[in-house]
Amino acid sequence: EVIDIGAIYTTLNGNELGRFFVRIHPDHPERAGEVARSINGYDEARWDALAALAPDAAVAAFVAFHEQHATDRRFILTAYNAPFDRAFLDALFKRHDQALSDWYTYFVLDLPSMAYGLGVDALVNGDVAEAFGLPPETDDPLKHTGLTGAAWNLGLYRAILKRVPDAKGQ
(Lines give C-alpha, C1' and ligand atoms only; values in the text may rest on other atoms or scores of the structure.)
Protein backbone atom coordinates (compact mmCIF):
# COMPACT_ATOMS: atom_id res chain seq x y z
CA GLU A 1 0.00 0.00 0.00
CA VAL A 2 1.06 3.57 -0.59
CA ILE A 3 2.07 5.31 2.65
CA ASP A 4 2.98 8.64 1.11
CA ILE A 5 2.93 10.47 -2.18
CA GLY A 6 5.57 12.93 -3.19
CA ALA A 7 5.53 14.58 -6.58
CA ILE A 8 7.23 17.45 -8.32
CA TYR A 9 5.64 18.56 -11.55
CA THR A 10 8.02 20.05 -14.10
CA THR A 11 8.23 21.00 -17.72
CA LEU A 12 10.10 18.58 -20.00
CA ASN A 13 13.27 20.61 -19.50
CA GLY A 14 13.06 20.28 -15.71
CA ASN A 15 11.62 23.65 -14.72
CA GLU A 16 9.59 23.14 -11.58
CA LEU A 17 5.85 23.85 -11.67
CA GLY A 18 4.83 22.66 -8.19
CA ARG A 19 5.42 20.21 -5.33
CA PHE A 20 3.07 17.87 -3.50
CA PHE A 21 3.54 15.70 -0.43
CA VAL A 22 1.15 13.81 1.81
CA ARG A 23 1.50 10.89 4.21
CA ILE A 24 -1.22 8.24 4.02
CA HIS A 25 -2.60 5.89 6.63
CA PRO A 26 -2.69 2.48 4.93
CA ASP A 27 -5.91 0.50 5.12
CA HIS A 28 -3.95 -2.52 6.37
CA PRO A 29 -1.00 -1.38 8.51
CA GLU A 30 -0.57 -4.92 9.78
CA ARG A 31 0.76 -5.87 6.33
CA ALA A 32 3.75 -3.52 6.59
CA GLY A 33 6.76 -5.81 6.81
CA GLU A 34 9.98 -5.07 8.60
CA VAL A 35 11.92 -4.56 5.36
CA ALA A 36 9.43 -1.94 4.15
CA ARG A 37 9.43 -0.23 7.55
CA SER A 38 13.25 -0.14 7.54
CA ILE A 39 13.17 1.70 4.20
CA ASN A 40 10.42 4.22 4.81
CA GLY A 41 10.22 4.62 8.60
CA TYR A 42 6.52 3.76 8.66
CA ASP A 43 5.05 3.46 12.13
CA GLU A 44 1.35 3.87 12.95
CA ALA A 45 1.93 6.21 15.90
CA ARG A 46 4.48 8.27 13.95
CA TRP A 47 2.06 8.63 11.02
CA ASP A 48 -0.62 9.83 13.47
CA ALA A 49 1.78 12.43 14.87
CA LEU A 50 2.72 13.54 11.34
CA ALA A 51 -0.96 14.12 10.43
CA ALA A 52 -1.24 11.38 7.82
CA LEU A 53 -4.46 11.38 5.85
CA ALA A 54 -6.92 8.62 5.11
CA PRO A 55 -6.37 7.22 1.59
CA ASP A 56 -9.50 8.87 0.14
CA ALA A 57 -8.46 12.30 1.49
CA ALA A 58 -4.93 11.83 0.16
CA VAL A 59 -6.23 10.95 -3.31
CA ALA A 60 -8.54 13.99 -3.26
CA ALA A 61 -5.61 16.23 -2.27
CA PHE A 62 -3.48 14.85 -5.09
CA VAL A 63 -6.30 15.30 -7.60
CA ALA A 64 -6.57 18.96 -6.51
CA PHE A 65 -2.79 19.41 -6.90
CA HIS A 66 -2.86 17.82 -10.33
CA GLU A 67 -5.77 19.95 -11.50
CA GLN A 68 -3.97 23.07 -10.31
CA HIS A 69 -1.03 22.28 -12.62
CA ALA A 70 -2.74 20.46 -15.46
CA THR A 71 -3.17 22.00 -18.84
CA ASP A 72 -4.58 20.43 -21.95
CA ARG A 73 -1.93 17.70 -21.86
CA ARG A 74 -1.16 14.64 -19.79
CA PHE A 75 2.07 14.36 -17.83
CA ILE A 76 4.80 11.72 -18.14
CA LEU A 77 5.49 9.82 -14.92
CA THR A 78 9.23 10.06 -14.33
CA ALA A 79 10.86 8.17 -11.47
CA TYR A 80 13.81 6.04 -10.47
CA ASN A 81 11.80 2.87 -10.81
CA ALA A 82 8.84 4.28 -12.72
CA PRO A 83 6.96 1.01 -13.42
CA PHE A 84 7.12 0.11 -9.70
CA ASP A 85 5.82 3.51 -8.59
CA ARG A 86 3.15 3.57 -11.27
CA ALA A 87 1.79 0.17 -10.20
CA PHE A 88 1.34 1.37 -6.60
CA LEU A 89 -0.27 4.63 -7.69
CA ASP A 90 -2.56 2.85 -10.17
CA ALA A 91 -3.79 0.52 -7.43
CA LEU A 92 -4.40 3.37 -4.96
CA PHE A 93 -6.25 5.54 -7.46
CA LYS A 94 -8.38 2.68 -8.80
CA ARG A 95 -9.53 1.89 -5.25
CA HIS A 96 -10.78 5.49 -5.09
CA ASP A 97 -12.48 5.61 -8.49
CA GLN A 98 -9.73 7.57 -10.20
CA ALA A 99 -7.70 6.59 -13.25
CA LEU A 100 -4.05 7.58 -13.36
CA SER A 101 -4.23 7.14 -17.14
CA ASP A 102 -6.52 10.18 -17.28
CA TRP A 103 -3.60 12.36 -16.17
CA TYR A 104 -0.45 10.54 -17.27
CA THR A 105 0.59 9.05 -20.57
CA TYR A 106 1.02 5.31 -20.86
CA PHE A 107 4.74 5.95 -21.29
CA VAL A 108 7.10 6.52 -18.38
CA LEU A 109 10.58 7.95 -18.11
CA ASP A 110 12.62 5.55 -16.02
CA LEU A 111 15.73 7.36 -14.78
CA PRO A 112 18.19 4.44 -14.50
CA SER A 113 17.20 3.35 -18.02
CA MET A 114 17.85 6.87 -19.27
CA ALA A 115 21.26 6.94 -17.55
CA TYR A 116 22.11 3.53 -18.98
CA GLY A 117 21.24 4.83 -22.44
CA LEU A 118 23.83 7.56 -21.92
CA GLY A 119 26.53 4.99 -21.13
CA VAL A 120 26.30 4.79 -17.33
CA ASP A 121 27.07 1.16 -16.58
CA ALA A 122 25.17 1.06 -13.28
CA LEU A 123 21.58 0.73 -12.16
CA VAL A 124 21.79 1.09 -8.36
CA ASN A 125 20.84 4.64 -7.41
CA GLY A 126 24.01 5.38 -5.41
CA ASP A 127 26.21 4.27 -8.30
CA VAL A 128 24.16 6.21 -10.83
CA ALA A 129 24.31 9.29 -8.59
CA GLU A 130 28.10 8.97 -8.40
CA ALA A 131 28.33 8.74 -12.20
CA PHE A 132 26.55 12.11 -12.42
CA GLY A 133 28.43 13.72 -9.54
CA LEU A 134 25.37 13.76 -7.30
CA PRO A 135 25.00 12.72 -3.66
CA PRO A 136 23.05 9.49 -3.20
CA GLU A 137 19.43 9.63 -2.13
CA THR A 138 19.09 9.39 1.64
CA ASP A 139 18.86 5.90 3.07
CA ASP A 140 17.74 7.19 6.47
CA PRO A 141 14.19 5.81 6.83
CA LEU A 142 13.17 8.79 8.99
CA LYS A 143 14.23 11.24 6.25
CA HIS A 144 13.22 9.22 3.17
CA THR A 145 9.81 10.26 1.85
CA GLY A 146 8.07 10.37 -1.49
CA LEU A 147 9.02 14.05 -1.72
CA THR A 148 12.71 13.54 -0.89
CA GLY A 149 12.71 10.80 -3.53
CA ALA A 150 11.01 13.07 -6.06
CA ALA A 151 13.52 15.87 -5.34
CA TRP A 152 16.44 13.47 -5.77
CA ASN A 153 14.86 12.16 -8.98
CA LEU A 154 14.53 15.71 -10.28
CA GLY A 155 18.21 16.38 -9.57
CA LEU A 156 19.14 13.24 -11.47
CA TYR A 157 16.77 14.10 -14.33
CA ARG A 158 18.38 17.52 -14.67
CA ALA A 159 21.88 15.97 -14.62
CA ILE A 160 20.80 13.51 -17.32
CA LEU A 161 19.45 16.36 -19.44
CA LYS A 162 22.84 18.09 -19.27
CA ARG A 163 24.43 15.03 -20.86
CA VAL A 164 21.91 14.55 -23.62
CA PRO A 165 23.30 15.75 -26.94
CA ASP A 166 21.32 18.55 -28.56
CA ALA A 167 18.79 16.98 -30.88
CA LYS A 168 19.80 19.45 -33.60
CA GLY A 169 23.46 18.44 -33.31
CA GLN A 170 24.51 21.82 -31.96
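Described in the following lines is the structure provided in the data block. (Residues numbered from 1 in each chain as written. Predicted model: local features only at pLDDT ≥ 70, side-chain atom pairs only at ≥ 80, totals over all residues. Heavy atoms only, no water.)

### A word on unusual backbone geometry
Test applied: Think of it this way: any DSSP run of H or I at least four residues long counts as a helix, any run of E at least two long counts as a strand, and we number them from the N terminus. Here's how the labels work: a residue is buried when its accessible area is under 20% of the maximum for its type, exposed when over 50%, partly exposed in between, all with a 1.4 Å probe on protein chains only.
Here the phi dihedral of Ala-51 falls at roughly 60°; this positive angle occurs in a residue that is not glycine. Structurally, the position occupied by Ala-51 is in the loop between helix H2 (44-49) and helix H3 (55-69). Under the relative-accessibility criterion, Ala-51 is labelled exposed at 56%. Phi at Asp-97 takes a positive value of approximately 55°, unusual for a residue other than glycine. Within the secondary structure, Asp-97 sits in the loop between helix H4 (82-95) and strand S4 (104-110). By relative accessible area, Asp-97 is classed as exposed at 75%.

### Some thoughts on the nonpolar core
Cut-off, in case you're wondering: Definition used in this section: a nonpolar core is a set of buried Ala, Val, Leu, Ile, Met, Phe, Trp, Tyr and Cys residues joined via side-chain atoms within 4.5 Å. By the convention used here, residues are in contact when the closest approach between their heavy atoms is within 4.5 Å.
The biggest cluster of nonpolar side chains holds 20 residues, and the ones touching the most others in it are Ile-5, Phe-62, Phe-93 and Tyr-104. Looking at this core, the elements with two or more residues in it are strand S1 (4-10), strand S2 (16-23), H3, strand S3 (75-79) and H4. Top contributing element to this core by residue count: H3, with five residues. Excluding residues within four positions of it along the chain, Ile-5 makes contact with Phe-20, Phe-21, Val-22, Ile-24, Phe-62, Leu-89, Leu-92 and Phe-93.

### Brief notes about the side chain of Arg-86
Tracing the sequence through the fold places Arg-86 in helix H4. Given a relative accessible area of 11%, Arg-86 falls into the buried group. If near-sequence neighbours (up to four positions away) are discounted, Arg-86 is found in contact with Leu-77, Leu-100, Ser-101, Tyr-104, Thr-105, Tyr-106, Phe-107 and Val-108.

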